[in-house]
Amino acid sequence: CQSDQPKAFHDEEVIERLLLSSAMSPERNQTMHWFHWKRVAEEFCRRFPDRELAVFKGFLAHLDDVEVGDRKEIGQVALLIAQRRPSEVWTIVSKALEEDLNHTYGIRSWLGGGPRFADQPGIAPITFFKPDIVIEWAVQNCEARRYLIQGMLPKTLADQGGGEVTRAFIDKLVQDND
């Protein structure tokens with residue numbers, strides 16, 4: 001059936017798929033592509049907050065892809081989502097870290113605010129999560145996870161800037177012979 005009225009395009013699932021496929025497109029090296037991608041992603045997350053975790057999962061799934069992981073725009077959108085929804089993002093991140101402990105460089109780099117995300121100096125997304133939750137996760141599999149997490153920790157013990165999680169790590173996971 002055809003109608004004289006143009007069909008409104010409001011299906012957030014379609015927009016989400018386009019947004020995520022656009023991030024993986026062949027034109028992804030074009031600066032203006034990323035400028036517009038970021039604007040669309042931020043607006044999508046604002047309009048459809050229940051779907052922004054899908055955008056975050058898309059970011060995480062392609063974080064080890066140099067072409068995607070090195071794009072500051074994707075990292076900035078992921079940072080906004082992590083700030084707004086730290087509990088849900090930690091659940092996603094910790095699960096991803098558990099799935100393959102040997103292939104977590106991209107996630108660990110992002111969590112620690114590593115060099116791939118240097119356009120946001122001093123911001124380590126690991127600081128968005130409650131220190132108790134992060135450390136409790138690490139304690140559950142101490143041998144594997146303490147080495148995984150130590151590179152993500154802020155290099156401070158101060159109350160500001162993430163020192164809380166660093167101090168909790170030292171208190172719970174560092175042994176005298178380390």
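Residues numbered from 1 in each chain as written. Predicted model: local features only at pLDDT ≥ 70, side-chain atom pairs only at ≥ 80, totals over all residues. Heavy atoms only, no water.

Caption draft 1: Structural context of the packing of helix α8 (residues 131-140) against helix α10 (residues 163-173). For the pair α8 and α10, the least separation of the axes is 9 Å and the interaxial angle reads 35 degrees. Of the two elements, α8 crosses α10, and the hand of that crossing is right-handed. Residues Pro-131, Val-134, Ile-135, Ala-138 and Val-139 of α8 pack against Glu-164, Val-165, Ala-168, Phe-169, Lys-172 and Leu-173 of α10. Taken together, the residues of the contact of α8 with α10 break down into nine nonpolar, no polar and two charged. (Axes fitted to C-alpha atoms, helices over the stretch in contact; angles between N-to-C directions. Helix = DSSP H or I, 4+ residues; strand = E, 2+ residues; numbered from the N terminus. Left-handed = near helix turned anticlockwise from the far one by under 90°. Contact = heavy atoms within 4.5 Å. Nonpolar A, V, L, I, M, F, W, Y, C, P; charged D, E, K, R; others polar.)

Caption draft 2: Layout of the packing of helix α3 (residues 52-61) against helix α6 (residues 86-99). Packing of α3 against α6 leaves a shortest axis separation of 11 Å and a crossing angle of 25 degrees. With respect to α6, the element α3 is oriented roughly parallel. Helix-helix and strand crossings are classified by hand; for α3 and α6 the assignment is right-handed. On the side of α3, the interface is formed by Leu-53, Phe-56, Lys-57 and Leu-60, while α6 contributes Glu-88, Val-89, Ile-92, Val-93 and Ala-96. (Parallel < 35°, antiparallel > 145°, perpendicular 65-115°, else oblique.)

Caption draft 3: Summary view of the packing of aromatic side chains. Enumeration according to the criterion identifies six aromatic pairs in this entry. For the pair Phe-56 and Phe-59, a centre-to-centre distance of 5.7 Å together with 50 degrees between the ring planes defines the contact as tilted. Of this pair, Phe-56 and Phe-59 both sit in helix α3, three residues apart, roughly one helical turn. With 5.5 Å between their ring centres and 70 degrees between their planes, Phe-59 and Trp-110 make a pair best called edge-to-face. Remark: Trp-110 occurs in helix α7 (residues 105-111) and Phe-59 occurs in helix α3; sequence separation between them is 51 residues. (Phe/Tyr/Trp six-rings, centres within 6.5 Å; stacked < 30°, edge-to-face > 60°.)

Caption draft 4: Highlighting α3. The element α3 is largely enclosed, with a buried count of seven among its ten residues. Turning to α3, its buried residues are Glu-52, Leu-53, Val-55, Phe-56, Gly-58, Phe-59 and Leu-60. (Buried < 20%, exposed > 50% of the residue type's maximum accessible area, 1.4 Å probe, protein only.)

Caption draft 5: Region of interest: the side chain of Thr-104. Note on placement: Thr-104 falls in the loop between α6 and α7. Under the relative-accessibility criterion, Thr-104 is labelled buried at 0%. Ignoring anything within four residues of it in the chain, the contact list for Thr-104 reads Leu-97 and Leu-148.

Caption draft 6: Representation of the layout of surface pockets. Taken as a whole, the largest pocket spans an internal volume of roughly 210 Å³. In terms of lining, the largest pocket is formed by ten residues, of which the most central are Leu-60, Ile-92, Lys-95, Ala-96 and Glu-99. In the lining of the largest pocket, the residues fall into five nonpolar, one polar and four charged. (1 Å grid on protein atoms, 1.4 Å probe; cavity = no way out; pocket = protein on both sides within 12 Å on 5 of 7 lines; lining within 4 Å. Points joined across faces, edges and corners; volume = space filled by probe spheres on them.)

Caption draft 7: Seen up close, the environment of Arg-145. By the secondary structure assignment, Arg-145 is in helix α9 (residues 142-150). The class for Arg-145 is buried, based on a relative accessible area of 9%. Sequence-wise, Arg-145 and Leu-97 are 48 residues apart; in three dimensions their C-alpha atoms are separated by 9.0 Å. If near-sequence neighbours (up to four positions away) are discounted, Arg-145 is found in contact with Glu-98, Trp-137, Ala-138 and Gln-140.

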